[in-house]
Amino acid sequence: MPQRPALSPLVAALPSTVPFVGPEAQERERGRAFRARIGANESSFGPSPRVIARMESVARDQWMYCDPDNYDLKVAAAAHHHVAVENIVVGEGIDGLLSLVARMYVAPGDAVVTSLGAYPTFNFHIAGVGGRLVTVPYENDRESLDGLLDAVVREKAPLVYLSNPDNPMGSWWEADEVIRFIEALPETTMLVLDEAYGELGPASALPPIDISRPNVIRMRTFSKAYGLAGIRCGYALAETQVISDFEKIRNHYGVSRMAQIAGVEALADQAYLETVVARVAAGRRRIADIAEQNGLKPLASATNFVTIDCGHDGAFAVKVLQGLLSRDVFIRKPMAPRLDHCIRVSVGLAHELDIFAEELPGALAAARGN
């Protein structure tokens, strides 16, 4: 057998797994498409007409490389949040930015604190740099701020992750509680505050932007409320030196010209964003009604999905998930203990939620063995 070039010891020790199996991979395996794609927390409403028109108008310009400084998008994001351009870094969605944060703050063996069942891509990137994950169970369907803080102090962790509003439960903390958490953190611990769903929750859940704190990085994305998941673009807000540190290692040509232009136009069309937020709220109510009509308990949500308590154990919820998948309805579910008795359903277009309503009773009957 020919020899292979050796992997680094760190990469060689990693499992060959990915955080998500996408719906496209599932469709290829199944040999047919889903009728309702309501599992990835995308916005089926899509980007604003203004964004689409602008993207169409610049399609011929894509022969050019992107601006490696992401300047126009940084200016737009800075103006939107009333901060300086030096307080913004742009990346390939929050996922790309999380990869950079892991490289910036975590050495092999360092403890990194997150919630058990929280966003798995963060865990994926921490494993990729050799960090040691310390997980804290959810309490009452929310990430435990006190539990996270205790773990940070106990482990002397250089990094802690918190999403608000939260995925996968859709729960949230009010801003004053988040501020209390931030103020209690050691100065040597960096907080990644993932606000991917920030535009969709109550304004009271978002603390005022404070870029004077050197140990807080706040992240936003165009993948959710702005309906641009396919372009992979997001940004982080932080103190000036933190942003300068991102510049040391980021992929300067990682965000395409089209993505940068789309992001600028999306931020400019806040009127469309307001219509999406209203449609998402209506969709959450519809999903909650469907759940209740089938004897299930929907959880309060500040996101573009609703997590539904199936009323039994995790094995039962898996059967419900599988029953819906077999009926061509793509959803997902949390898998961690304390959360795994639930399924998670994204807000979709009206006809997709109609399909969900039609197929849920059969999936529940099959799960119960009826």
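Before reading on, note that the structure itself is shown above.
Described in the following lines is the structure provided in the data block. (Residues numbered from 1 in each chain as written. Predicted model: local features only at pLDDT ≥ 70, side-chain atom pairs only at ≥ 80, totals over all residues. Heavy atoms only, no water.)

Digging into the environment of Thr240
Locating Thr240 in the fold gives a position in helix H9 (residues 240–247). For Thr240, a relative accessible area of 37% puts it in the partly exposed group. Between the C-alpha atoms of Thr240 and Val89, which are 151 residues apart in sequence, the distance is 9.9 Å. When near neighbours in sequence (up to four residues on either side) are disregarded, Thr240 contacts Glu86 and Asn87. (Helix = DSSP H or I, 4+ residues; strand = E, 2+ residues; numbered from the N terminus. Buried < 20%, exposed > 50% of the residue type's maximum accessible area, 1.4 Å probe, protein only. Contact = heavy atoms within 4.5 Å.)

Details of helix H11 (residues 270–293)
Taking 1.5 Å of rise per residue, the 24 residues of H11 would be expected to cover 34 Å, and the 35 Å separating its terminal C-alpha atoms lies within 8% of that figure. The elements touched by buried residues of H11 are helix H3 (49–57), strand S9 (297–298), strand S10 (305–309), strand S12 (342–346) and helix H13 (350–368). Looking at the residues trailing H11, positive phi occurs at Gly295, about 80 degrees. (Expected span 1.5 Å × (residues − 1).)

A short note on the pairing of S10
When you tally the buried positions in S10, you get five out of five residues, the bulk of the element. Going residue by residue along S10, you find Phe305, Thr307 and Asp309 tucked away on one face and Val306 and Ile308 tucked away on the opposite face as well. Examined bridge by bridge, S9 and S10 share two bridges and lie antiparallel to one another. Bridge assignment links Pro298 to a residue of S10, and that residue is Ile308. The turn linking S9 back onto S10 is made up of six residues. Relative to S12, S10 runs antiparallel, the two being bridged by five bridges. By the bridge assignment for S12, Phe305 is matched with Ser346. (Pairing = 2+ DSSP bridges.)

A word on the sheet that holds strand S7 (residues 216–221)
Working definition: the strands of a sheet are paired by backbone hydrogen bonds and lie parallel or antiparallel to each other. In spatial order, the strands read S2-S8-S7-S6-S5-S3-S4; together these seven strands make up an open sheet with mixed pairing. Unpaired on one side and paired on the other, strand S2 (88–91) and strand S4 (132–136) mark the two borders of the sheet. With strand direction ignored, the average angle separating the axes of adjacent strands in the sheet is 20 degrees. Bridge count between strand S6 (residues 190–194) and S7: four bridges; the pairing is parallel. Across the sheet, the residue bridging to Val192 is Ile217, located in S7. Helix H6 (residues 120–128) rests against strand S3 (111–115), S4 and strand S5 (159–163) of the sheet, and its axis sits at about 170 degrees to S3. (Axes fitted to C-alpha atoms, helices over the stretch in contact; angles between N-to-C directions.)

Some remarks on unusual backbone geometry
Omega for the peptide link from Asn164 to Pro165 comes to -5 degrees, which places this bond in the cis form. With respect to the secondary-structure elements, Pro165 resides in the loop between S5 and helix H8 (175–184). One non-glycine residue, Asn41, lies in the positive phi region at around 60 degrees. Residue placement: Asn41 occurs in the loop between strand S1 (36–37) and H3. In the Ramachandran plot, Arg232 falls in the positive-phi region, its phi being about 55 degrees despite a non-glycine side chain. Tracing the chain through its elements places Arg232 in the loop between S7 and strand S8 (234–237). Overall, the relative accessible area of 34% leaves Arg232 in the partly exposed class.

Description of the sheet that holds S9
Read across the sheet, three strands follow the order S9-S10-S12 without closing on themselves; strand pairing throughout is antiparallel. For this open sheet the edge positions go to S9 and S12, each flanked by a neighbour on one side alone.

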